[in-house]
Amino acid sequence: MNEYKEKLLSELERIENERKILAGTDVPAGAYPEAPEVPPIEDDYDRAEAEVQAALERMEKGTYGICLKCGKAIAPARLRVLPTAALCLDCAEEEEE
Ligand SMILES: [Zn+2]
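### Some thoughts on the overall build of the protein chain
Each helix and strand counted, the protein chain has four helices and zero strands in total. Reading the protein chain from its N end, one meets helices and strands in the order α-α-α-α. Buried residues in the protein chain amount to 9% of all 97 residues. Look at the contacts in the protein chain between residues 6 or more apart in sequence, and 44% of them connect residues 24 or more apart.

### Some remarks on the environment of Glu6
Note that Glu6 resides in helix H1 (residues 3-23). Looking at Glu6, the number of C-beta atoms within 10 Å reads 11, which means it is exposed. With 77 residues separating them in the primary sequence, Glu6 and Pro83 have C-alpha atoms 9.6 Å apart.

### Description of the packing of H1 against helix H2 (residues 42-61)
Across the interface, H1 lies against H2 with an axial gap of 10 Å and an inter-helix angle of 160 degrees. With respect to H2, the element H1 is oriented roughly antiparallel. Where H1 crosses over H2, the handedness of that crossing is left-handed. Residue-level inspection shows Lys5, Leu8, Glu11, Leu12, Ile15, Glu18, Arg19 and Leu22 of H1 in contact with H2, the latter providing Glu42, Tyr45, Ala48, Glu49, Val52, Ala55, Leu56 and Met59. Each residue belonging to the contact of H1 with H2 can be placed in one class, and the counts come to ten nonpolar, no polar and six charged.

### Section: the environment of Tyr64
Here Tyr64 shows up in the loop between H2 and helix H3 (76-81). Each C-alpha atom, one on Tyr64 and one on Pro83, is 9.6 Å from the other, the two residues being 19 residues apart in sequence.

### With respect to H2
The first and last C-alpha atoms of H2 sit 29 Å apart over 20 residues, in line with the 28 Å expected at 1.5 Å per residue. Following H2 by one or two positions, Gly62 has its phi on the positive side, about 80 degrees.

What counts and what doesn't
Residues numbered from 1 in each chain as written. Predicted model: local features only at pLDDT ≥ 70, side-chain atom pairs only at ≥ 80, totals over all residues. Helix = DSSP H or I, 4+ residues; strand = E, 2+ residues; numbered from the N terminus. Buried ≥ 20, exposed ≤ 12 C-beta atoms within 10 Å, placed from the backbone. Contact = placed C-beta atoms within 7 Å. Axes fitted to C-alpha atoms, helices over the stretch in contact; angles between N-to-C directions. Parallel < 35°, antiparallel > 145°, perpendicular 65-115°, else oblique. Left-handed = near helix turned anticlockwise from the far one by under 90°. Nonpolar A, V, L, I, M, F, W, Y, C, P; charged D, E, K, R; others polar. Expected span 1.5 Å × (residues − 1).

Such coordinate-based values are descriptive only and should not be taken to indicate function.
Right, here's the structure in full:
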């Protein structure tokens, strides 16, 4: 298992845990004292989960780490910080403009 896959899987786990906090089940009171009082919208979890799933799919297909837009390799430093990155830094910056 490569390090990015590990990160993606732990990210999925984190999303699931936060969902449980939202739903108020399976989590003992006070287990997550730092849980936000106003939980993010459920849609945010769906989107975050979809991003992780898409990254895992690219891994299966062997296209993980390749920019969807320009086809160049995404810098490993970027993937370490953002394992779900589908675009290289240049393209991501362009998209934001
Ligand atoms: Zn690119």
